[in-house]
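# Secondary and tertiary structure notes
One-letter residues, chain by chain:
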Amino acid sequence: MNFLNKVLTIVWKDVLAELRTKEMFSSMLVFAVLLLVIFNFSFELRIENVAEVAPGVLWVTFAFAGTLELNRSLSLEMDEGCLDGLLLAPMERTAIYFGKMLGNLIFISAIEALMLPIFSALFDLNLIQPALLLTIFLGTLGFAVVGTLLSAMAVNTRAREVMLPVLLFPIILPVVISAVEVTAGILDGLPLGDLVHWLRFLIGFDIIFLVVCYMTFDYVVES
Amino acid sequence: MDRGLRLEDLLNWLSGLTMMGALYLVFLYAPTEATMGHLQRIFYFHVSSAWVGFFAFFVTLVASVAYLRGREHHWDIVAFSSVEIGLTFTAMAVITGSIWAKPTWNAWWPWHQEPRLILVTILLLIYLSYLILRAFLGEEERRARFAAVYGIVAFASVPFTFWSVRWWQRLHPVVFERQGTHLTPSMLATFLFCLLAFTILYFTLLLHRSRLAKLADEVAGLKKRLRLGEGG
């Protein structure tokens, strides 16, 4: 079995499991909608132009829902002894990393895809634009790349769910800043040329952390 | 045993002397700055503290990589000792910065105007996260491994955080007069000497903290043997 097949097998395993139970998906979706509604009300009471806070609210929602997903994904592995099974299987640890990372990316993106129309409606903005979708993808990729590694660590500590945001959020800040800036720029109608450096920055972050994380994943899962 | 003591003594004395020298230079030798007056003198300690904060983080990176390659326990000790010291000095930089900021800019923490404040806050948070991670891991080998990985990943994020905050700040300029610190030669000399003094202090503290950690490990080992001895 070559490397790509191994990666895709892991992705398919996760997707299949989720399709059957739909646990993670439903809870994440409800959580994300609740967050949006809370934000909507809390800002509306004080701020004139709600569209100004929209980029921030969007990314905070994605970050929190994404954290939920990362926690669930690794928790499930641990609880059912699946991670041990994966480690025993004849595949490189990096295949496990890429498989989990892609799975996380797919799930978080799926939630985001569902959130965007709801968000657009609540904030009265058009969010289904190609440039914005690209940004969301790049930001989510960065989040998944670092999050997969750190969730593997967090799930092994005594504090479990609380540990992941503590570890993840300081590292992921450049992604949040870039993503919010580009989102705001696009919603404000800025020319894409002005925003391209942020996108390049995001791509740089994604690439560098993909390398750093897949190289260090081995050290995290060895037993 | 003798050799270890000598290095410690050397560093202790060197630290003490250079610090006294730095104090002399900062308060008696360096000229008073034109606009800010004597308040400006805090700059020497403020920047030196921040420098040590960043340098300590770099040492943690080196120690983390070294640990993962050789799995030698002393590298783990160096890594987390460096984080503790780095955290302390970064906190000092923050406090001295605030003390400097209030009379100068009339704000305790103007982080919209000064992107470095955000960066320093993130650095503090990363340090704290590192220590929290260690606190919640019981098993020694795993703790060292995870901490080393986190040290590496966290360090890699620092340049990105720096640049993104910089660019963000340029997009949101505030009409804000930032007084440049133009250093006369004597000020520059004082500043460089302070940097040196603080760096030597850092290494002294690192040595002491590492020794303390080794002793703590020995005590833990002895306790274990005692318990096993009594049980068996």
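In this text the structure is predicted, and so the values were computed from the model without any measurement.

### Section: the overall build of chain B
When you go through chain B residue by residue, the secondary structure sums to 6 helices and 0 strands. Taken over 232 residues, chain B has a buried fraction of 34%.

### Observations concerning the overall build of chain A
A tally of regular secondary structure across chain A gives 8 helices and 0 strands. Reading the secondary structure of chain A in the N-to-C direction produces α-α-α-α-α-α-α-α. In summary, chain A has a C-alpha radius of gyration of 18 Å against a globular reference of 17 Å for 223 residues, a match within 12%. For chain A, the spread of C-alpha atoms along the principal axes amounts to about 55 × 35 × 30 Å. Residues counted as buried form 43% of the 223 residues belonging to chain A.

### Topic: the interface of chain B and chain A
Taken together, the contact between chain B and chain A spans 26 residues of the former and 25 residues of the latter. For the side of chain B that touches chain A, the elements supplying multiple residues, two or more each, are helix H4 (115-135) and helix H5 (140-171) of chain B. Per-element tally for the side of chain B that touches chain A: the top contributor is H5(B), with 17 residues. Of the residues in the side of chain B that touches chain A, the class split is 20 nonpolar, 4 polar and 2 charged.

### Comments concerning the packing of helix H5 (residues 93-123) of chain A against helix H6 (residues 130-154) of chain A
Residue and element names in this part refer to chain A. The geometry of H5 relative to H6 is characterised by a closest axis approach of 9 Å and an angle of 140° between their N-to-C directions. Classified by the angle their axes make, H5 and H6 are oblique. Here H5 and H6 pass one another in a crossing that is right-handed. Only Ile136, Phe137, Thr140, Leu141, Phe143, Ala144, Val145, Gly147 and Thr148 of H6 make contact with H5, whose side of the interface consists of Tyr97, Lys100, Met101, Asn104, Leu105, Ile108, Ser109 and Glu112.

### Section: H5(A)
Residue and element names in this part refer to chain A. Compared with an ideal rise of 1.5 Å per residue, which puts 31 residues at 45 Å, H5 spans 43 Å between its outermost C-alpha atoms and is within 8% of the ideal. Maximum bend of H5: about 30°, positioned at methionine 115, with proline proline 117 one to four residues after it. Two residues or fewer past H5, aspartate 124 is found with a positive phi of approximately 60°.

### Digging into the packing of helix H7 (residues 163-188) of chain A against H4(B)
Running from N to C, H7(A) and H4(B) cross one another at 150°; their axes reach a closest spacing of 9 Å. With respect to H4(B), the axis of H7(A) lies roughly antiparallel. When the axes of H7(A) and H4(B) are compared, the crossing they make is left-handed. Where H7(A) approaches H4(B), its residues A:Met163, A:Val166, A:Leu167, A:Pro170 and A:Leu173 are matched on the opposing element by B:Ile122, B:Leu125, B:Ile126, B:Ser129, B:Ile132 and B:Leu133. Tallied by class, residues from the contact of H7(A) with H4(B) come to 10 nonpolar, 1 polar and no charged.

### Considering the confidence of the model for chain B
Residue and element names in this part refer to chain B. Looking at chain B, the pLDDT average stands at 85 and 91% of residues meet or exceed 70. Taking the mean pLDDT of every element in chain B, the minimum, 84, falls on helix H1 (residues 2-29) and the maximum, 92, on helix H2 (residues 42-70). Interface predicted TM-score (ipTM) for the complex: 0.88; the corresponding pTM is 0.87.

### Description of the environment of B:Phe155
Residues and elements named next belong to chain B. Tracing the backbone through its elements, the reader meets phenylalanine 155 in helix H5. The spatial distance from the C-alpha of phenylalanine 155 to the C-alpha of phenylalanine 57 is 7.2 Å, given a sequence separation of 98 residues. Setting aside its immediate chain neighbours within four residues, phenylalanine 155 contacts Phe57 and Leu61.

### A short note on helix H8 (residues 192-221) of chain A
Along an α-helix, a turn takes 3.6 residues, which lines up residues three or four apart on a common side. Residue and element names in this part refer to chain A. In this model H8 runs 41 Å from its N-terminal to its C-terminal C-alpha over 30 residues, within 8% of the 44 Å that 1.5 Å per residue would give. Of all the bends in H8, the greatest measures close to 30° and is centred on methionine 215. Those residues of H8 lying buried are Trp198, Phe201, Leu202, Phe205, Asp206, Phe209, Cys213, Thr216, Phe217 and Val220.

Analysis parameters
Residues numbered from 1 in each chain as written. Chains lettered and ligands numbered in written order. Predicted model: local features only at pLDDT ≥ 70, side-chain atom pairs only at ≥ 80, totals over all residues. Helix = DSSP H or I, 4+ residues; strand = E, 2+ residues; numbered from the N terminus. Buried ≥ 20, exposed ≤ 12 C-beta atoms within 10 Å, placed from the backbone. Rg over C-alpha atoms; globule rule 2.2 N^0.38 Å. Contact = placed C-beta atoms within 7 Å. Nonpolar A, V, L, I, M, F, W, Y, C, P; charged D, E, K, R; others polar. Axes fitted to C-alpha atoms, helices over the stretch in contact; angles between N-to-C directions. Parallel < 35°, antiparallel > 145°, perpendicular 65-115°, else oblique. Left-handed = near helix turned anticlockwise from the far one by under 90°. Expected span 1.5 Å × (residues − 1). Bend = angle between axes of the 7 residues up to and from the residue. pLDDT = per-residue confidence, 0-100.

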